[in-house]
Amino acid sequence: MTSSKIEIPGEVKSDPAALMASLQLMPSPVPNPEIKYTKIFINNEWQDSVSGKVFPVYNPATGEQICEVQEADKADVDKAVQAARLAFSLGSVWRRMDASERGRLLSKLADLVERDSVYLATIESLDSGKPFLPTLFVDLQGTIKTLRYFAGYADKIHGTSIPMDGEYLTFTRYEPIGVCGQIVPWNFPLMMTAWKLGPALACGNTVVLKPAEETPLTCLYMAALIKEAGFPPGVINILPGFGPTAGAAIASHMGIDKVAFTGSTEVGKLIQEAAGKSNLKRVTLELGGKNPNIIFADADLDLAVEEAHQGVFFNAGQCCTAGSRIYVEEPIYDEFVRRSVERAKRRIVGSPFDPMTEQGPQISREHQSRVLEFIQSGITEGAKLECGGKALGLKGFFIEPTVFSNVRDDMRIAREEIFGPVQQIMKFKTIDEVIERANNSDYGLVAAVFTKDISKAMTISSAMQAGTVWINCFNALSTQCPFGGYKMSGNGRELGENGLKEYSEVKTITIKMVAKNS
Amino acid sequence: LQRAAAWFEHGEMVLSALFYQSRCTRNDVLTFLMFQLFINNEWQDAVSGKTFPTINPASGEVICQVAEADEADVEKAVKAASNAFRLGSPWRRMDASHRGLLLNRLADAIERDAAYLAELETLDNGKPYAVAYAVDLPTVVKCLRYYAGWADKWEGKTIPIDGDYFCYTRHEPVGVCGQIIPWNFPLLMQAWKLGPALATGNTVVMKVAEQTPLTALYVASLIKEVGFPEGVVNILPGMGPTAGAAIARHMDVDKVAFTGSTEVGHLIQQASGSSNLKKVTLELGGKSPNIILSDADMEYAVEQSHFALFFNQGQCCCAGSRTYVQADVYDEFVERSVERAKKRVVGDPFDLKTEQGPQIDQEQFNKILGYISSGKREGAKLMCGGGIAADRGYFIQPTVFGDVQDNMTIAREEIFGPVMQILKFKTLEEVVTRANDTKYGLAAAVFTKDIDKANYVSSGLRAGTVWINCYDVFGAQAPFGGYKASGVGRELGQYGLDNYTEVKTVNTVPIKNLFSALVVCLLHTSLPLCTVLSAAVFPPKNDKKAKFLLFSTKKFNLQNA
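Calculation rules
Counting starts from 1 at the beginning of each chain's written sequence and moves along it residue by residue. For naming, the first written chain is A and the first written ligand is 1, with later ones following in the order written. It should be noted that, the model being predicted, local features are given only for residues of pLDDT at least 70 and side-chain atom pairs only at 80 or more, the latter also being counted only at that level, while totals for whole chains, interfaces and linings use all residues. Each side-chain value is derived from all of the structure's non-hydrogen atoms; neither hydrogens nor water enter the calculation. UniProt positions are given in the numbering used here, feature names are shortened, and annotations may be inferred rather than shown by experiment. Here a strand is any run of E in DSSP of at least two residues, a helix any run of H or I of at least four, and the numbering for each starts at the N terminus. Only heavy atoms matter for contacts: two residues are in contact if any of them lie within 4.5 Å across the pair. Under the scheme applied here, a residue whose accessible area is under 20% of the maximum for its type counts as buried, over 50% as exposed, and between as partly exposed, the area being computed with a 1.4 Å probe on protein chains only. Counted as a polar contact is a pair of N or O atoms within 3.5 Å, where, for protein atoms, one must be capable of donating a hydrogen and the other of accepting one, and residues adjacent in sequence contribute only when both atoms are in side chains. Lines are fitted to the C-alpha atoms to define the axes, a helix being fitted only along its stretch in contact, and any angle between axes, read from their N-to-C directions, falls within 0 to 180 degrees. Angles are sorted into four bins: roughly parallel if under 35 degrees, roughly antiparallel if over 145, roughly perpendicular if 65 to 115, and oblique for all others. Handedness of each helix crossing follows the sense of rotation of the near helix against the far helix: counterclockwise by less than a right angle gives left-handed, clockwise gives right-handed. Charged means Asp, Glu, Lys or Arg here, nonpolar means Ala, Val, Leu, Ile, Met, Phe, Trp, Tyr, Cys or Pro, and polar covers whatever is left, Gly included.

Under the annotation held in an unreviewed UniProt entry, chain B carries the name aldehyde dehydrogenase (NAD(+)) and is attributed to Oreochromis niloticus. In its Sequence similarities (unreviewed entry) section, the UniProt record describing chain B reads: "Belongs to the aldehyde dehydrogenase family."

The name given to chain A in an unreviewed UniProt entry is Retinal dehydrogenase 2, and the organism recorded there is Oreochromis niloticus. Recorded in UniProt under Sequence similarities (unreviewed entry), the annotation for chain A is "Belongs to the aldehyde dehydrogenase family."

Below, the structure written as structure tokens:
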């Protein structure tokens, strides 16, 4: 089975019978999946934490504990950095390896993830609460494709030879930076791991990676696949643990040459500070967003409503790319709100393992409370609650799909990142006005515009202060295209060729020549 | 070299097991094969019904009969390839990353069947099995994997063009590509051609050499197996003057890539000129200089120079066939080279000890023996070899000529056989001038420990590839091709993609620019154009639209650079 042959049925949703028929053909989650790996992965070996501490991992759909995992802190980070440094030492197996062979290993890893994708999707659903089928089709495919993409790049990271002035021959080499600390979030645990590992390994770095404490399980299983694929010991080390301990130890470590973090803007600032205080390690950050989604009156309304709905509610609203400020042109505002509310009411919230489920629980009790608190502030500040607004169910961390209209730009729900299933819909009149309002934010991750007018589309897309702009689509992410933030949404870019630059040092080599010619 | 040795040793271990097995089943080797033309993922007889024999050069015996494509079959194949390339076809609609995945799957399938393919290659071509298995097959697999990775990375650009335009480029496939490949590395040349053509989304009509059609036909079955859509790759065994010529002059072939002799390269370029100006890339002959300075590591230089010339029975376009040795080490170098050549093991290509198998066919065999006679006649000193090496098959003794002068035929023409010419030089300036005094410019090498001399020679040589203290170092990552009459364009590396790409520049013209054009016309008082443009910008009965246009002009002025 090849990856591109798998397609999510999009059209059949309106026909329940056809949907049920197609769901019959879908892969099923692994029943009662065994959790095989709960330890720290250093030097291709499974280790207990130095402190002996463990922490519980919960199923957010039930609030029940799944298992306990070894908890890494500073002492374990030290061990992992030592292993990664050794693996990076001159003359090591990893450093002597042909670039194409690094690509082969990444390619093998992709094949192994593909082989075990149903199991991995099951664990991912269990641990993060995201619905199983989208996990299989979006997260797992995204993971496999990212690994394959960067596998292909390993032997294509070209330096240049440079016609410099004088009697010299100059060329550049793209060399790995060294030991890379990588801290990944809980919203796409496996895919964010692939986004981090792909370019780091293609470029020849070694890695100390901390998965989120909420969702360490798939990442640890990936560690087993890394070993199976044949990566040399110490090249990839995976340490489940908490931000203030293990994460902070990575960010301030003198033996780590680069740190890459995906998570909140608040923590992003701490990482940058820690790098400044320690060894000026290179920093790339993928942080929060409060992303404008601009709908003009001439847009295809059916498409715009559905894309705007998915744009904010996808992954239970827990996306840094969530289109959480929807600016709608005045003539169609009421109709847009009406249809959006109708769509939100139809959204199926439920067990992640029910194939009909569109929306699972939020990641944790704490996060659920935070989102509900945002909803309360919206009501208090005078936005109109059109639907939803409450917690759902007795156990698990579910929230009703929630829509606010008559939202003003100065309200908290219009300024801060909610990271939950809450849609804000605002009204605008002119293109100048909407450009100014959309850009009036600390964030600048993504933006979208829906219109049939090519001039408006191009005007908006060049005016947005955002790292990605989608025209008549949303969340159209792909491993070939760079992704990252303007302003406080981040530093640097992941994916695409740009993603490689963040994991390379350029070395300029100049040789004295005799009798140079063109 | 150590790595190569380790590789080889590993290869041999695997081989001894495989070899035993294959010896028992040699007669069955052909049962896996189809001997027809591969068009539209189907096996077909030639329209004419003709076949031709393919011969085992180690024995001179016929292996089997293969369908012989000519113009009518090329016509069918081009139709299939054009259809596979039509807008909306599965191949055109396919994600670039999926094209890459198919190429990766092809590489996997070839890797799986490597022992079989190596055996078939040796049978048909005569190259030692150990070399086919340990060199040709792994490089084929690596080449396909390399281009698999490029499929979704061949990016166009966005361009900050002057004015209120948005400009970008798309890298689009050229279309139907004719590819004509030689017999010296049948599988590898097939991979060099298919890799970049398919990664960039073209469709292919490939003519394989009439001497060595078998492995290409097996690969055709793998192409079908891994799921390339029908018509994307079509493979036609046939002769140059019929099938090859039909490809080169075909009006619906958008590009032709040829690897072979310079003589035929001229014909291909001409055929393109007299037909549809199809794009042409050529990898042709060489008479590559290999320059040994007196400070070089002698033992190493002798071995590398021996390898540079004798590898693949001397049947390499990049063979180091003019070995220039600095005067003070000349005699020692010749003596050691002769010693090494005498030790070269010529024999049954399936014997794992064999270094050199037979030449490809009777014609080449006769031609090489003719060159050896001319060398003797023109006064070069025959140091060893010079004769036939077996009583059947096309084996020739490893041959070394000393005291060769630049004007001798053996120092000017491509011999394509196991015949080494060693020439003497004194100064660097002299050797660079002499090395460049040839119509060819494919490859060159220099052996020295001195970095200044290495740089001086490597930048002064007119050749597409220069090796410093090594020879025949190829990687899918590094471009390869010729200066001068050694070819046009480059294969391999990122450069290899250029030859299979049309660049499309897309300028979107926002409505505002129609308005600017009107202003420009007014300024230049070009009245007729003004009328047309103003009708477009201000349609007589549509005031609303005119207003909107002005509105949108204003918006564009707000646009940030």
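### Considering the UniProt feature "active site" (unreviewed entry) in chain A
All names here are of chain A. As annotated by UniProt and renumbered to match this structure, "active site" (unreviewed entry) occupies Glu286. Note that glutamate 286 resides in strand E11 (residues 282–286). What glutamate 286 contacts, discounting residues up to four positions off in sequence, is Phe261, Thr262, Gly263, Leu445, Phe483, Gly484, Gly485, Ser489, Gly492, Arg493 and Glu494.

### Comments concerning helix H15 (residues 428–436) of chain B
Where H15(B) is concerned, the buried positions are Leu428(B), Val431(B), Val432(B), Arg434(B), Ala435(B) and Asn436(B). In this structure, the buried side of H15(B) is in contact with strand E12 (289–292), strand E13 (322–326), strand E16 (419–425) and helix H16 (451–460) of chain B.

### Some words on the UniProt feature "domain: Aldehyde dehydrogenase" (unreviewed entry) in chain B
The UniProt feature table records "domain: Aldehyde dehydrogenase" (unreviewed entry) at residues 43–506 of chain B. The span residues 43–506 of chain B carries 41% helix and 20% strand; its end-to-end C-alpha distance comes to 41 Å.

### Some thoughts on the UniProt feature "active site" (unreviewed entry) in chain B
All names here are of chain B. Per the UniProt record, "active site" (unreviewed entry) is annotated on Glu283. Take glutamate 283: it is sitting in strand E11 (residues 279–283). A relative accessible area of 5% means that glutamate 283 is categorised as buried. If near-sequence neighbours (up to four positions away) are discounted, glutamate 283 is found in contact with Phe258, Thr259, Gly260, Leu442, Phe480, Gly481, Gly482, Ser486, Gly489, Arg490 and Glu491.

### Here's the deal with the environment of Thr430(A)
Residue and element names in this part refer to chain A. The residue threonine 430 is located in the loop between strand E18 (422–428) and helix H15 (431–439) in this model. For threonine 430, a relative accessible area of 37% translates into the label partly exposed. Spatially, the C-alpha atoms of threonine 430 and isoleucine 226 are 53 Å apart, while their sequence positions differ by 204 residues. Of the polar contacts made by the side chain of threonine 430, one reaches the backbone nitrogen of glutamate 433; its length is 3.1 Å.

### Description of the packing of helix H4 (residues 96–112) of chain B against helix H8 (residues 214–226) of chain B
All names here are of chain B. Running from N to C, H4 and H8 cross one another at 130°; their axes reach a closest spacing of 9 Å. Between H4 and H8, the crossing angle belongs to the class labelled oblique. The two elements H4 and H8 cross, and the hand of that crossing is right-handed. Where H4 approaches H8, its residues Leu102, Arg105, Leu106, Ala109, Ile110 and Arg112 are matched on the opposing element by Val219, Leu222, Ile223, Glu225 and Val226. Classifying every residue of the contact of H4 with H8 by side-chain character gives eight nonpolar, no polar and three charged.

### Focus on the environment of Ala224(A)
All names here are of chain A. Structurally, alanine 224 can be placed in helix H8 (residues 217–229). We classify alanine 224 as buried; its relative accessible area is 15%. Note: C-alpha distance between alanine 224 and leucine 285 (61 residues apart in sequence) is 27 Å. Excluding its chain neighbours within four sequence positions, the residues that come into contact with alanine 224 are Tyr37 and Trp46.

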